[in-house]
Amino acid sequence: RAGSSLLAVLARRSARSVMTRSARLAGAADAAILRKPDVVAGLAQMTAEAFRNGGQGGANDLYVYGQPWGVDYAAIRAPCILWQGTKDTIVPLAAARYLASHLLGCRYVELEGAGHFWVIEHIPEILDAVAGFWPAAQRGTKATPDEGAT
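Residues numbered from 1 in each chain as written. Predicted model: local features only at pLDDT ≥ 70, side-chain atom pairs only at ≥ 80, totals over all residues. Heavy atoms only, no water.

Trainee: So what's going on with the overall build of the protein? Which residues, and what values?
Mentor: Counting its secondary structure elements, the protein contains 7 helices and 2 strands. In sequence order, the protein lays out its α and β elements as α-α-α-α-β-α-β-α-α. The burial tally for the protein puts 25% of its 150 residues in the buried class. Counting contacts in the protein only where the partners sit at least 6 residues apart, residues at least 24 apart contribute 71% of the total. Of the roughly 10,400 Å² of accessible surface on the protein, a fraction of 60% belongs to carbon and sulfur atoms. (Helix = DSSP H or I, 4+ residues; strand = E, 2+ residues; numbered from the N terminus. Buried < 20%, exposed > 50% of the residue type's maximum accessible area, 1.4 Å probe, protein only. Contact = heavy atoms within 4.5 Å. Areas by Shrake-Rupley, 256 points an atom, 1.4 Å probe, with all protein chains shown as cover.)

Trainee: Give a detailed account of the pairing of strand β2 (residues 106-111), specifying residues and quantitative values.
Mentor: Where strand β1 (residues 80-85) meets β2, 6 bridges bridge the pair, whose relative direction is parallel. The residue bridging Q84 from the neighbouring strand is E110, located in β2. Handedness of the β1-helix α5 (residues 93-102)-β2 crossover: right-handed. (Pairing = 2+ DSSP bridges. Right-handed = clockwise from strand over helix to strand, strands pointing away.)

Below you can see the structure in the form of structure tokens.
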């Protein structure tokens with residue numbers, strides 16, 4: 001609790017400083033991204049908001065992440081994509097591979113040399129890939145001749 005309270009105080013007082021220090025601790029794949037001024041500003045704003053009411057929420061998240069979730073992954077039928085950087089220092093590669101292998105219909109994409117924060121520089125591509133999961137009718141657009149053909 002003391003650690004989460006201290007982090008909450010630091011995040012509220014100087015979220016930018018917390019992000020700058022985080023960049024120094026991140027692996028090389030993430031450090032360059034976490035040094036960009038617009039990324040620092042955005043993450044600092046999110047960090048300050050996340051800790052606005054204290055650090056207990058973050059501490060609870062860490063506790064939950066370390067416990068078995070009791071999820072039957074094979075029962076999940078929704079299509080999904082799981083991207084994982086091979087140099088991610090936050091989510092272990094083995095954890096991503098395990099999850100992908102247990103989600104039916106999961107397309108697993110391993111990004112050689114990418115860290116945890118690669119997503120920040122690839123949001124348009126990710127949104128395009130995710131949008132491709134929904135038929136045109138659900139996206140509110142007209143179907144092209146290839147879509148919805150039986």
